[in-house]
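# Observations on chain architecture
One letter stands for each residue in the lines below.
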Amino acid sequence: MTAVQPPVLAPRPMPAGMLAALKARFGERCSTALAVREQHGRDESVFDVPPPEAVVFAQNNEEVAFVLTQAHEHRVPVIPYGAGSSLEGHLLAVQGGVSLDVSRMNAILRVNAEDLTVTVQAGVTRNQLNNELRHQGLFFPIDPGADASLGGMAATRASGTNAVRYGTMRENVLGLTVVTPQGQLLHTGSRARKSSAGYDLTRLYVGSEGTLGVICEVTLRLYPLPEAVSAAVCFFPSIDAAVRTTIQIIQMGVPIARCELLDANTVRAVNAHDRLGLREAPMLLMEFHGTENAVDEQARLVQEIARDFDGEDFEWATTPEARTRLWTARHHAYLSALQTRPGCRCVTTDTCVPISRLAESINESVKEVEAAGLPYFLVGHVGDGNFHLGYLLDPHKPQERETAERLSHQMVARALRMEGTCTGEHGIGLHKQAFLVDEAGPAAVDLMRTLKAAMDPHDIMNPGKIFAA
């Protein structure tokens, strides 16, 4: 099959009057410099698209509303921009327009420790929030790997390493402040833990990938820091053995907080990048949260399960420094893998399947990429059935891109046959639009289009994403 290409859409030039209005309101915070535009016109996908016409750095809700009012009046696209860590082309200006950078909206507005909630501006990152919360004995658990902005995490319905215990952004966002495409300020949800009041607009915006409005504030659930935390690594003779260990852990109801799979290629890459000296074999990196007794009990049970599948070299990391070292290496897996093939680009895809089908899905995907001979790496939040394959390709060899797309298509098609999903956490963006139709069906996608048209009749919000115009 040929490589997936971004949609060919006619650009919508920005009228001089709109650019003048933005310059007058924002001054130097409205930039047309090529370097700034190019920075905001690229993400970690393999697509090459011209940059936006301008970048605006907003500092409050009213400034976001001003940009969208202007864009609505002049029919100019707006692409919300947080930390720039997306993987599926979400940030690309396929019709030109304005990249609206909210990274300077980075205030923690209210911490309600008694209620275990916090309200933040969209540009606050997860590390920034947790550094603030730890002094109060609290933390926010959703960890997609990158130090992503919380507004972007809400927009892409992020999850990550802790999702097996604490859920995803869908379960942990209580309310939002959104600016609509018409420039109106909208509040959804509340700080209450549940509500039956009307349509669930919060869930509509969570995962909407910037296509329905700009998320400006997010109210989140918090959790007490666990009394005890312990991390462990265990090595296996095969990926299959590691995955079957995971399946057994989940099916026995062990409340493990994190359960990450790294294949031998990934371990080799993080060893070179972070000088860890780990055994270069399939590895599970696990973490346990709870009381001292509960953590010990969980760890002993998991160690027994691992032994049944020939798990070896079970090593513990109980100090914060040791745990941080291991998890930092896991978070560096993507960049570490890129460095194993200098100058390469990465087609990375993820799927999520019912836990009982995980071993089959991973084994078949690995078998296919091995047969194709393309360099790759595999990581997975396997505790909830989610895994990622990254295909490392030479950008000067089109046949490698085509091979990567073919492998990605086969991996997704397999997940759908197993009643899984085409993306557990990356989102649709530009790359997975056809897969969304395969998964949800034409009628459901048509309903999504209808909602989009009703809320954004001029299609100015991140056009060309999720489904082609």
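Above this text sits the structure in question.
What counts, and at which threshold
- Residues numbered from 1 in each chain as written.
- Predicted model: local features only at pLDDT ≥ 70, side-chain atom pairs only at ≥ 80, totals over all residues.
- Heavy atoms only, no water.
- Helix = DSSP H or I, 4+ residues; strand = E, 2+ residues; numbered from the N terminus.
- Rg over C-alpha atoms; globule rule 2.2 N^0.38 Å.
- Buried < 20%, exposed > 50% of the residue type's maximum accessible area, 1.4 Å probe, protein only.
- Contact = heavy atoms within 4.5 Å.
- Areas by Shrake-Rupley, 256 points an atom, 1.4 Å probe, with all protein chains shown as cover.
- Lys, Arg positive; Asp, Glu negative; His and termini not counted.
- Charge placed at Lys NZ, Arg CZ, Asp CG, Glu CD.
- Pairing = 2+ DSSP bridges.
- Axes fitted to C-alpha atoms, helices over the stretch in contact; angles between N-to-C directions.
- Salt bridge = Lys/Arg side-chain N within 4 Å of Asp/Glu carboxyl O.
- 1 Å grid on protein atoms, 1.4 Å probe; cavity = no way out; pocket = protein on both sides within 12 Å on 5 of 7 lines; lining within 4 Å.
- Points joined across faces, edges and corners; volume = space filled by probe spheres on them.
- Nonpolar A, V, L, I, M, F, W, Y, C, P; charged D, E, K, R; others polar.

Further remarks concern the overall build of the protein chain. Along its length, the protein chain carries 17 helices and 18 strands. Computed over C-alpha atoms, the radius of gyration of the protein chain comes to 22 Å, within 12% of the 23 Å expected from 2.2 N^0.38 for 469 residues, which places it in the range of a compact globule. Reported as C-alpha extents along the three principal axes, the dimensions of the protein chain are approximately 70 × 55 × 45 Å. Of all 469 residues assigned to the protein chain, the portion counted as buried reaches 57%. Considering only contacts in the protein chain between residues 6 or more positions apart, those separated by 24 or more positions represent 72%. When the accessible surface of the protein chain is totalled, it reaches about 19,000 Å², and 51% of it is carbon and sulfur. In the protein chain, the 42 positive side-chain charges and the 54 negative ones have mean positions that sit 3 Å from each other.

Take the sheet that holds strand E9 (residues 185-189) next. Sheet architecture is open: 5 strands sit in the order E5-E6-E10-E8-E9, paired in antiparallel fashion. Of all strands in the sheet, those with a lone pairing partner are strand E5 (108-112) and E9, marking the two edges. Put simply, the sheet's adjacent strands are angled 10° from each other on average, direction ignored. When strand E6 (residues 117-121) meets strand E10 (residues 214-221), the two strands line up antiparallel, connected through 5 bridges. Bridging across to E10, Val-118 finds its partner in Leu-220. Across the sheet, helix H4 (residues 126-133) touches E5, E6 and E10, and the angle it forms with E5 is around 45°.

This paragraph deals with the pattern of salt bridges. Applying the stated criterion across every chain, the model contains 19 salt bridges. Its salt-bridge partner being Arg-191, residue Asp-115 comes within 2.8 Å of it at the nearest N-O pair. Of the two residues, Asp-115 is situated in the loop between E5 and E6 and Arg-191 in the loop between E9 and helix H8 (201-205); the sequence distance between them amounts to 76 residues. A relative accessible area of 40% means that Asp-115 is categorised as partly exposed. Judged by relative accessible area, which is 34%, Arg-191 ranks as partly exposed. Of the charged contacts in the structure, one is a salt bridge between Glu-400 and Arg-341, with a shortest N-O distance of 3.0 Å. Of this pair, Glu-400 sits in helix H15 (residues 398-417) while Arg-341 is found in the loop between helix H13 (333-339) and strand E16 (345-352), placing the two residues 59 residues apart along the sequence. Ionic contacts of the salt-bridge type, sharing partners, join the residues Arg-126, Asp-143, Arg-258 and Glu-287 into one network.

For the rest of this paragraph, the subject is the layout of surface pockets. There is about 1,000 Å³ of room inside the largest pocket. Lining the largest pocket we find 43 residues, and of these Ser-85, Ser-86, Leu-87, Ala-146 and Ala-148 sit closest to its centre. The set of elements that each furnish at least two residues to the lining of the largest pocket consists of strand E3 (78-81), helix H5 (150-155), E10, helix H12 (320-331), H13 and strand E17 (376-381). In terms of residue count, the dominant contributor to the lining of the largest pocket is H5 (4 residues). A class-by-class count of the residues in the lining of the largest pocket yields 20 nonpolar, 19 polar and 4 charged. When its volume is computed, the second largest pocket comes out at roughly 890 Å³. As for the second largest pocket, its lining consists of 34 residues, of which Thr-156, Arg-157, Val-206, Gly-207 and Thr-423 are closest to the centre. Sorting the residues of the lining of the second largest pocket by element identifies helix H7 (169-172), H8, helix H16 (433-440) and helix H17 (442-455) as the ones contributing at least two each. Classifying every residue of the lining of the second largest pocket gives 13 nonpolar, 12 polar and 9 charged.

The next subject is the sheet that holds strand E12 (residues 228-235). If you trace the 7 strands from one edge of the open sheet to the other, you get E15-E12-E14-E13-E17-E18-E16, paired in antiparallel fashion. Two strands close off the open sheet at either side, each with one partner strand: strand E15 (312-317) and E16. Between one strand axis and the next, the sheet turns through 15° on average, direction left out of account. Pairing analysis gives 5 bridges linking strand E13 (residues 258-262) to strand E14 (residues 283-290), with the strands arranged antiparallel. Bridged to Glu-260 within E14 is Leu-285. Contacts between helix H11 (residues 292-308) and the sheet are confined to E12, E14 and E15, with E14 contributing the most and set at about 155° to the helix.

Next up on the list: empty space enclosed by the protein. It is a probe the size of a water molecule, rolled over the atoms, that shows where empty space is left. Under the definition given, this model contains 2 cavities of 30 Å³ or more. Taken as a whole, the largest cavity encloses approximately 60 Å³ of empty space. Lining of the largest cavity is provided by Glu-44, Ser-45, Val-46, Phe-47, Leu-87, Glu-88, Gly-89, Cys-346, Val-347, Thr-348 and His-431. Per-class residue counts for the lining of the largest cavity are 5 nonpolar, 4 polar and 2 charged. In this structure, the second largest cavity spans a volume of roughly 40 Å³. Leu-262, Val-270, Leu-276, Leu-278, Met-283, Leu-285, Leu-326, Ala-329 and Arg-330 are the residues that line the second largest cavity.

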